[in-house]
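# Summary of structural features
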Amino acid sequence: PVPHSPDADGRHRLAEAGGTAAPELASETIPDVTTTDPVAFARAVAELPAGVFVFHGDEHVVIGANRAARAFFGDRPRIVGRPIREVYPEITGQQLYPLLDRVLPTGEPFTAHEWRIIVEGHPDGDERFVSFWLVPLSGPDGRRCGVGCQFVDVTDQVRRRRSAENDAAALR
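Since this is a predicted model, take the numbers as computed values, not measurements. (Residues numbered from 1 in each chain as written. Predicted model: local features only at pLDDT ≥ 70, side-chain atom pairs only at ≥ 80, totals over all residues. Heavy atoms only, no water.)

## Overview of the sheet that holds strand S6 (residues 110–118)
As summarised here, the arrangement of the five strands in space is S5-S4-S8-S7-S6, forming an open sheet in which the pairing is antiparallel. On the outer flanks of this sheet lie strand S5 (61–65) and S6, each paired with one strand and no other. Averaged over all pairs of adjacent strands, the angle between strand axes in this sheet comes to 30 degrees, irrespective of strand direction. Seen against the sheet, helix H4 (residues 96–106) touches strand S4 (51–56), S6, strand S7 (127–138) and strand S8 (144–153) and runs at an angle of roughly 135 degrees to S8. (Pairing = 2+ DSSP bridges. Helix = DSSP H or I, 4+ residues; strand = E, 2+ residues; numbered from the N terminus. Axes fitted to C-alpha atoms, helices over the stretch in contact; angles between N-to-C directions. Contact = heavy atoms within 4.5 Å.)

## Focus: the packing of aromatic side chains
Applying the stated rule across the entire model yields 11 aromatic pairs. Taking the centre distance of 6.0 Å and the plane angle of 55 degrees together, the rings of Phe53 and Phe73 count as tilted. With Phe53 in strand S4 and Phe73 in the loop between helix H2 (67–72) and helix H3 (84–87), the pair connects residues that are 20 residues apart, well separated along the chain. On the basis of relative accessible area, Phe53 is assigned to the buried category, the value being 3%. Accessibility expressed as a relative area gives 9% for Phe73, which makes it buried. When the centroid spacing of 6.1 Å and the interplanar angle of 70 degrees are considered together, the rings of Phe73 and Phe151 count as edge-to-face. Of this pair, Phe73 sits in the loop between H2 and H3 while Phe151 is found in strand S8, placing the two residues 78 residues apart along the sequence. (Phe/Tyr/Trp six-rings, centres within 6.5 Å; stacked < 30°, edge-to-face > 60°. Buried < 20%, exposed > 50% of the residue type's maximum accessible area, 1.4 Å probe, protein only.)

## Some remarks on a nonpolar patch on the surface
On the surface, a cluster of nonpolar side chains totalling about 210 Å² of accessible area is made up of Trp133, Val135 and Val152. With respect to the element layout, Val135 can be found in strand S7. (Patch = residues over 30% accessible without salt bridge, like charges linked within 9 Å, V, L, I, M, F, W, Y side chains within 5 Å. Areas by Shrake-Rupley, 256 points an atom, 1.4 Å probe, with all protein chains shown as cover. Salt bridge = Lys/Arg side-chain N within 4 Å of Asp/Glu carboxyl O.)

## Some thoughts on the pattern of salt bridges
Evaluation of the coordinates by the stated rule reveals 10 salt bridges. Among the salt bridges present, the one from Arg70 reaches Asp75, with a minimum N-O distance of 3.4 Å. Using a relative accessible area of 48% as the deciding quantity, one classes Asp75 as partly exposed. One network of salt bridges, in which partners are shared, links Glu114, Arg161 and Glu165.

## Here's the deal with the side chain of His60
Tracing the chain through its elements places His60 in the loop between S4 and S5. Of note is the side chain of His60, whose polar atom sits 2.8 Å from the side chain of Asp101. In contact with His60, other than residues within four places in its own chain, are Phe55, Arg82, Pro83, Ile84, Arg85, Leu100, Asp101 and Leu104. (Polar contact = N/O pair within 3.5 Å; in protein donor to acceptor, adjacent residues only side chain to side chain.)

## Remarks on the pairing of S7
Summarising the sheet, S6 and S7 pair through seven bridges and their orientation is antiparallel. Bridging across to S7, Phe110 finds its partner in Leu134. Pairing geometry for S7 and S8, over nine bridges, is antiparallel. Looking at S8, one finds that Ser138 is bridged to Arg144. Between the antiparallel neighbours S7 and S8 lie five residues, among them Gly142 with a positive phi of about 90 degrees.

## Observations regarding H4
Leu96, Tyr97, Leu99, Leu100, Val103 and Leu104 are the residues of H4 that are buried. For H4, the angular spread of buried residues about the axis comes to 155 degrees, placing them on one side. Buried residues belonging to H4 abut S4, H3, S6, S7 and S8. Of the residues trailing H4, Gly107 is marked for its positive phi of about 75 degrees. (Arc of directions from axis to C-beta.)

As structure tokens, this is what we get:
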């Protein structure tokens with residue numbers, strides 16, 4: 001379990017048991033989360049069907065990844081505490097890393113719909129399509145310190161739509 005204790009102002013601080021690759025983040029205040037049970041909240045995020053990653057710093061070190069995010073990319077071991085470029089080097093050249101590099105310094109979120117991505121070794125084929133959101137994250141001091149990513153695999157919908165479009169074109 002993740003130990004927690006309320007601050008004097010009622011906000012919660014979370015600490016990851018067993019340490020973390022980014023010790024300065026081991027006990028962050030989460031001011032914009034409304035919950036009476038941050039452990040249950042964290043468990044719920046872990047179970048969401050949408051993929052969620054949290055990256056820290058200019059190197060985009062993975063400090064959190066839920067089950068859906070890990071499964072989408074083949075559930076590689078030991079991704080937390082490592083830069084995303086090191087964890088998924090095959091994504092280089094697919095324009096995702098430059099987007100992360102832009103969101104952090106500018107503070108401007110980015111949204112994409114049906115973005116094509118090649119995920120080597122995906123059980124349903126390497127060509128995938130995702131809709132995703134990248135948002136800048138701030139630390140307790142208010143300064144930008146990372147990027148949050150939420151994504152949904154929309155490959156099946158894209159394939160169905162393309163098939164219907166091809167069928168319609170063949171009837172003309």
